[in-house]
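The chain contents come next:
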Amino acid sequence: MLFREVLLCAFGALLAACGSSAKTPALPVAAAAKATATEKRVGEISGSLALDDGEVHLRLSVLAADTLRLRLFRGPERNIVGSFAVDPARGAASAPYMLEDAPNSVTLRTAALGVRIDKTPPFHVALLDERGQVSNEQAGPVSWQAGGVRSSWQLAPDARVFGLGDKARGLDRRGQSFELWNTDAYGWKPDADPLYKSIPFVLLLDHGRANGLFFDSPARAQVDVGKTDAQILSYSSAVGDSLDLYLLAGPDPKHVVSAFSALTGRTPLPPRWALGYHQSRYSYLTEKEARSVAARLRSDAIPSDALWLDIDYQLGNAPFTVDPQAYPNLPGMVGDLERAGLRVVLITDPHIKSYQGQKAPSGYAPYDTGAAGDHFLHDPSGGFLEAKVWPGASVFPEFTLSRTRTWWGDLYRDFVKQGVAGFWNDMNEPASFDETKTLPVAAQHRLDDGATLTHGFVHNAYGSLNAQATFEGLSRLRPNERPFVLTRAAYAGTQRFAATWTGDNSATREHLALTIAQLANLGVSGYAFAGADVGGFVGCPDQELLVEWTELGALQPFFRNHSGKDTCRREPWVHGPVSEARIRKAIERRYRLLPYLYTVFEEASRTGLPVLRPLWLEYPGDAASERNANSYLLGADLLVAPKLVAGNVAYVVQLPPSGWYDTVSEALIAKGGPVSVGASNDSVRLFARAGAIIPKQPLIQHTDQAPTGALELDLWPGEPCTGNLYLDDGRSLDYQRGAFRRVSYACRAHDAGIDISAQSTGPFTTWWPSTELVLHDVRRAPSSVVDGRGAALRHDYDAKRRRTVVHLPGSSADWSVRLVF
Ligand code: MIG
């Protein structure tokens, strides 16, 4: 649907046009494969390599040097199912490749990976790495079972498997089997499955070398990661008789992540306010209550950017309505809160209250216009399919139709006019109160081209299409603003449209710890903007858990305190001033780090590297990092190591094998490894990469406030010594037309001292009146500190903390400094 088959370099043009790229390594000379009249043939059909045996057909296409698409299907080639995941914006790509046609096999290789396929059925496939060596191969032929397909791959003895979105149970997926079937999993336990999202992508990491497999189908499927047979990873889907598999190149795991996110799209740069602290609850029942929470956030000086309204602001829980008794002046409240620097985010579930073919008595546009425009999913009789959800009997938008997505997006017009800043797409698995918790699998969804697909096939993409409709609607309604959408259900590629969270978790330590594995795996599965309900949705966090969850949540990409109905309150102040002070401090730490965090988000939007990174992504091949589910990296330069267990106790952190600074003691741990963190009044210890230059800002209460004071640069000595800062207006799309500034920092030690420099590109105006350069681990006071023109700079040396602070006057982002000792 969204995907066009790419045109490849024609074989004839291979050596001339395609093979001329300087990047193409010398490969065995290709002999163009020739189609024969026999039953089995090797040839090129519309740009793909094709193998057919009358019953089973194989198609291989090169999408990029690091991305091959392998399709196997039975019967005639049908074109109905495009991809619900692949980013259409990536365009029709191609890459140079070489083909070797041997008597029994055909080998296709790009600069980054390849495949060798047996010419005889069942067309055994081996995956080759950039050197042409087998990196993985099918563990058996693709098999066709009752209306479905099964594909199995070998698992090397030491291979670890990551990805699959936010599936629970831990970091490494090996030894587990997962069901891909988006489900409303209220109160899910740490070993629960399935959950709300299905991202059929796995990254295999074997002794530091990685490759990736993406099984592109939204149908219900099972991914068995060495559970049934320790040496086999299998994907089996019970619906759909074709396999659509993307092979992604390593060998660096970052490369796999980047290739997968190039294919399915990157998390766009969020509006800056969305990186702030979000306060939510199911529900702030009245306008009075919502206003008083907002007022308290400000009067208690809790930095915050958004207040969320859950389903009780609506009339009878019907999406796009407002209960005039509960919220007599929602637009007024939105305006008042915005003036106080708090955005309002509203929930808008996908189900639409049904009036069973009648006009809603007092008019309910979502139903009336949806029914008139035939925008709801049909039941077999041709009427609208109904299921019970929060508003009672409800109908479900046909998000598979582009005209319905447009209609849906337009439903946001009034809220957008009133200044509502963001929207929350909950319940979009889709959830229903039916026994199956969703819609009948036999229901037929309509597609733009007139074809239909069963709900059983489309199911896992429904929430993604809902998020897409919302995102695209907001983009039309506020053309030059970055939309903010939160979705609960997701499929591969949903990161292009929305942030996400892990649904109805619980207020337990186990759930707190699990946020790391979940968000890390979501990150490598394309999802950079993700979080978990701070405090846990179900149950009641005690004072210690709420404080410590806030301390950790403040260092995760999406940071929202949210709680279930009838659970105890968990706004920052509920446990009294001592715990509120710690919560405030945790939130303040995030706000001071916003320049760094925003820079990491910008990197994610460009490269697909996640904001929250498992240690192995930066340190592949380090066995301890591959196992470490208790710490993670925020960007490449900060390592977040929470205590996790209850009690004010010491704990051990396993640092990856490079130099790290404990940012509290400022001690250097030169080679990484285990390090003990003593008991303290802070459950999270931050370590900085030796060689990092980390930008920070003075405290603000919300992101519309310009920081007053110096830009602070924390310099932790080491090699290589680098840092980045990205700036723009934080809200518009002007940065796509050049309105940004990117600063690169570097430092270099030499015999006499150290040189530090900042170089920027782009016109965006800096906000700071001066820069404060904080050099850590400086053993004695410098004898001189001068700028690039040789003028002396003011500096202070703190012998006790071994710090030198250099003051650079002015707002410039380009300078150099020399310290001589
Ligand atoms: O069936 O809107 O996960 O965050 O507060 C419950 C009410 C529906 C589930 C979401 C939760 C939200 C709640 N929703």
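For every chain, the first residue of its written sequence is number 1, and the numbers climb from 1 along that sequence. Two thresholds apply to this predicted model, a pLDDT of at least 70 for residue-level local features and 80 or more for giving and counting side-chain atom pairs, whereas whole-chain, interface and lining totals are computed over all residues. Excluded from the side-chain calculation are hydrogens and water; included are all heavy atoms of the structure.

K.L.:
Help me get a handle on the environment of Pro303, residues and values and all.
P.N.:
Only runs of H or I of at least four residues qualify as helices and only runs of E of at least two qualify as strands under DSSP, and these elements are numbered from the N terminus. As for its placement among the helices and strands, Pro303 is situated in the loop between α3 (287–299) and β21 (306–309). Considering only alpha carbons, one finds Pro303 and Thr703, 400 residues apart in sequence, at a separation of 8.8 Å. Whether two residues are in contact is decided by their heavy atoms, any of which lying within 4.5 Å being enough. Sequence-distant contacts of Pro303, defined by excluding residues within four places in its chain, comprise Tyr277, Arg584, Ile587, Glu588, Tyr591, Leu699, Ile700 and Gln701.

K.L.:
Give me the lowdown on the packing of helix α10 (residues 509–524) against helix α11 (residues 543–553), citing residues and values where you can.
P.N.:
To obtain an axis, a line is fitted to C-alpha atoms, over the contacting stretch when the element is a helix, and the angle between two such axes runs from 0 to 180 degrees between their N-to-C directions. Following both chains from N to C, one finds α10 and α11 inclined at 5 degrees, their axes separated by 11 Å at the closest point. Relative to α11, α10 is oriented roughly parallel. Contacts from Arg509, His511, Leu512, Thr515 and Ile516 in α10 reach Glu544, Leu545, Glu548, Trp549 and Leu552 in α11. Each residue receives one of three labels: charged for Asp, Glu, Lys and Arg, nonpolar for Ala, Val, Leu, Ile, Met, Phe, Trp, Tyr, Cys and Pro, and polar for the others, Gly being one of them. Taken together, the residues of the contact of α10 with α11 break down into five nonpolar, two polar and three charged. Angular relationships are summarised with four words: roughly parallel below 35 degrees, roughly antiparallel beyond 145, roughly perpendicular across 65 to 115, and oblique for the angles in between.

K.L.:
A description of the nonpolar core should follow, citing residues and the corresponding values.
P.N.:
We call a set of buried residues a nonpolar core when its members are Ala, Val, Leu, Ile, Met, Phe, Trp, Tyr or Cys and they connect through side-chain atoms within 4.5 Å of each other. Here the term buried applies to any residue with accessible area under 20% of the maximum for its type, exposed to any over 50%, and partly exposed to those in between, with areas from a 1.4 Å probe on protein chains only. Ranked by internal contacts, the top residues of the largest apolar core, which has 164 residues, are Leu203, Phe214, Leu309, Tyr327, Leu346, Trp408 and Phe484. No other element matches α10, which puts eight residues into this core. Excluding residues that lie within four positions of it along the chain, Phe214 makes contacts with Ala85, Pro200, Phe201, Asp244, Leu245, Tyr246, Leu248, Phe260, Leu263, Thr264, Tyr491 and Ala492. In terms of nonpolar packing, the next biggest core, distinct from the first, is built from 42 residues, Val56, Ile117, Val202 and Leu204 among them.

K.L.:
Report on the sheet that holds strand β41 (residues 684–689), specifying residues and quantitative values.
P.N.:
When DSSP finds two or more bridges between a pair of strands, those strands are recorded as paired. Read across the sheet, six strands follow the order β34-β35-β36-β41-β38-β39 without closing on themselves; strand pairing throughout is antiparallel. The outermost strands of the open sheet, each flanked by one partner alone, are β34 (612–613) and β39 (668–669). Summarising the sheet, strand β38 (residues 660–662) and β39 pair through two bridges and their orientation is antiparallel. Pairing of Tyr661 across the sheet is with Leu668, part of β39.

K.L.:
Explain the packing of helix α12 (residues 577–592) against helix α13 (residues 594–607) residue by residue, including any values.
P.N.:
Following both chains from N to C, one finds α12 and α13 inclined at 60 degrees, their axes separated by 5 Å at the closest point. By the angle class used here, α12 and α13 are oblique. In contact with Arg590, Tyr591 and Arg592 of α12, α13 contributes Leu594, Pro595 and Leu597. In terms of residue class, the contact of α12 with α13 is made up of four nonpolar, no polar and two charged.

K.L.:
Account for the confidence of the model for the chain, naming residues and giving values.
P.N.:
For every residue, the predictor reports its confidence as pLDDT, a number between 0 and 100. Residues of the chain with pLDDT of at least 70 account for 93%, and the chain-wide mean is 92. Scored below 50 in pLDDT, residues 1–41 shows 90 contacts in the model against residues more than four places distant or in partner chains.

K.L.:
Provide a residue-level description of the pairing of strand β15 (residues 201–206), including the pertinent values.
P.N.:
Of all six residues in β15, five are buried, a share of seventy percent or more. Pairing analysis gives four bridges linking strand β12 (residues 160–163) to β15, with the strands arranged antiparallel. Residue pairing across strands places Gly163 opposite Val202, the latter belonging to β15. Note: β15 against strand β16 (residues 209–215), six bridges, orientation antiparallel. In the strand pairing of β16, Leu205 is matched with Ala210. Between β15 and β16, which pair antiparallel and follow one another directly, the connecting turn spans two residues, one of which, His207, has a positive phi of 50 degrees.

K.L.:
Explain the site of the ligand to me, using residue names and the numbers behind them.
P.N.:
Not every one of the 13 residues close to the ligand is listed here, only the nearest: Asp310, Trp390, Asp426, Asp504 and His562. Any N or O atom pair separated by 3.5 Å or less is treated as a polar contact, with the protein-specific requirement of one donor-capable and one acceptor-capable atom, and with residues adjacent in sequence counted only for side-chain atom pairs. The contact in question runs from an oxygen atom of the ligand to an N or O atom on the side chain of Asp504, over 2.5 Å. The side chain of His562 places a nitrogen or oxygen atom 2.9 Å from an oxygen atom of the ligand. Each accessible area is a Shrake-Rupley estimate made with a 1.4 Å probe; only the visible protein chains count as cover when residues are assessed. Compared with its free state, where it exposes 350 Å², the ligand has 94% of that area covered by protein. Of the residues assigned to the shell around the ligand, the class counts are eight nonpolar, one polar and four charged. By convention in these notes, a residue is near a molecule or strand provided one of its non-hydrogen atoms lies within 4 Å of it.

K.L.:
Describe helix α9 (residues 462–477), listing the residues and the values that go with them.
P.N.:
Under the 1.5 Å per step criterion, the end-to-end length of α9 is 23 Å for 16 residues, consistent within 8% with the ideal 22 Å. Listed as buried for α9 are Tyr462, Gly463, Ser464, Leu465, Asn466, Ala467, Gln468, Ala469, Thr470, Phe471, Gly473 and Leu474. Each residue after the first adds 1.5 Å to the expected span of a helix.

K.L.:
Residues and numbers for the side chain of His511, please.
P.N.:
Take His511: it is sitting in helix α10. There is a polar contact of 3.1 Å between the side chain of His511 and the backbone oxygen of Trp188. The contact partners of His511, leaving out residues within four places of it in the chain, are Trp188, Lys189, Pro190, Asn505, Ser506 and Trp549.

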